[in-house]
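Here is how the chains run, residue by residue.
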Amino acid sequence: MKKLILMAVMALGMSVAANAQIGESKSRKIETTYTTTTTTVNVDKAPFKGYKGMLDLTYGVGVGDVESSRFGVTTVQGYQFNPYLFLGLGVGLNYWFDAETVSIPIFVDTRATLPLSQSAALFFDFRLGYSPIDIEGFHMSPSIGVRLGRKSAFTFSLGYEYQSCDVYYEGYYYDYYGRGNAGAFNIRMGFDW
């Protein structure tokens, strides 16, 4: 009987030792190195998030029903939601050379920005509003341009301005007033902060 107990204890001891070795082999760490590629987007090259103001000088060459060239000053105040999207309210003062009058467009300005480098970005600007004084009517101005700088920057853009207004038409048999387009192709230079 003693031999049987001794053999059982030895068999039990060997099985425990065998399990310990299997447990060790399971707990060994296998180290593998993975090569990964990281893409870094530098948001410092685009306008920062938060309040933003703009000041523009505009020269427009008149086209459409009223071909009057004009010079204007515009300010826009708004919010930069992320490096790519700005929304603001603006007001301008345009002096019309041929008509010797002014217009004051009040508008909502949306700007989409595409960063190109640390200090340059392309942008698309769209202004939509109304001019209530002298040259009265619907106002719209899309433009595309370049922004040079980081948080404060100089801007240069080319665009078109549609300005609805009353137009006096002279005809062969009769004269009349109607709504027309006092549009212009614009060159705009500005500064934003």
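The paragraphs below set out a description of the structure included in this document.

Here is what the cut-offs are and how they apply
- Residues numbered from 1 in each chain as written.
- Predicted model: local features only at pLDDT ≥ 70, side-chain atom pairs only at ≥ 80, totals over all residues.
- Heavy atoms only, no water.
- Helix = DSSP H or I, 4+ residues; strand = E, 2+ residues; numbered from the N terminus.
- Buried < 20%, exposed > 50% of the residue type's maximum accessible area, 1.4 Å probe, protein only.
- Contact = heavy atoms within 4.5 Å.
- Phe/Tyr/Trp six-rings, centres within 6.5 Å; stacked < 30°, edge-to-face > 60°.
- Lys NZ or Arg CZ within 6 Å of the ring centre and 35° of its normal.
- Pairing = 2+ DSSP bridges.
- Salt bridge = Lys/Arg side-chain N within 4 Å of Asp/Glu carboxyl O.

### Here we look at the environment of Leu93
Consideration 1: For Leu93, the location among the structural elements is in strand β3 (residues 85-96).
Consideration 2: Owing to a relative accessible area of 46%, Leu93 belongs among the partly exposed residues under this scheme.
Consideration 3: Between the C-alpha atom of Leu93 and that of Thr74, which follows or precedes it by 19 residues, the distance is 6.4 Å.
Consideration 4: With residues near it in sequence (within four places) discarded, Leu93 still touches Phe71, Gly72, Val73, Val102, Ser103 and Ile104.

### Remarks on the packing of aromatic side chains
Consideration 1: Here the structure, examined in full by the defined rule, presents seven aromatic pairs.
Consideration 2: Here the guanidinium or amino end of Arg70 rests over the ring plane of Trp96, the centre of that ring lying 3.7 Å away.
Consideration 3: Sitting over the ring of Phe123, Arg111 keeps its end group 4.0 Å from the ring centre.

### Regarding the pairing of strand β5 (residues 106-115)
Consideration 1: Burial of the side chains of β5 is restricted to one face: Phe107, Asp109, Arg111, Thr113 and Pro115 are buried, whereas none of Ile106, Val108, Thr110, Ala112 and Leu114 on the reverse face is.
Consideration 2: Where β3 lies against β5, seven bridges are found, and the strand directions are antiparallel. Each bridged residue has a counterpart across the sheet, and for Val91 the counterpart in β5 is Ile106.
Consideration 3: Pairing geometry for β5 and strand β6 (residues 120-131), over 10 bridges, is antiparallel. The partner of Val108 across the bridge, within β6, is Leu128.
Consideration 4: Remark: four residues form the turn of the hairpin made by β5 and β6, two consecutive strands paired antiparallel.

### So, unusual backbone geometry
Consideration 1: The phi dihedral of Glu100 is positive, around 50 degrees, even though this residue is not glycine.
Consideration 2: With respect to the secondary-structure elements, Glu100 resides in the loop between β3 and β4 (101-103).
Consideration 3: Look at Glu100 and you get exposed, because its relative accessible area is 64%.

### Here's the deal with the environment of Leu89
Consideration 1: Counting through the fold element by element, Leu89 comes out in strand β3.
Consideration 2: Leu89 sits in the exposed class, given a relative accessible area of 58%.
Consideration 3: A C-alpha to C-alpha distance of 9.1 Å links Leu89 and Arg127, two positions 38 residues apart in sequence.
Consideration 4: With residues up to four places along the chain from it excluded, the contact list for Leu89 reads Thr75, Val76, Gln77, Phe107 and Val108.

### A word on the pattern of salt bridges
Consideration 1: A full pass over the atoms with the stated rule returns 10 salt bridges.
Consideration 2: Note that Arg111 and Asp125 form a salt bridge whose closest N and O atoms lie 3.2 Å from each other. Taken together, the residues Arg111 in strand β5 and Asp125 in strand β6 connect sequence positions 14 residues apart. Each member of the pair, Arg111 together with Asp125, is buried.
Consideration 3: Here Arg127 makes a salt bridge to Asp125, at a shortest N to O gap of 3.0 Å.
Consideration 4: With a relative accessible area of 2%, Arg127 lands in the buried category.
Consideration 5: A relative accessible area of 0% means that Asp125 is categorised as buried.

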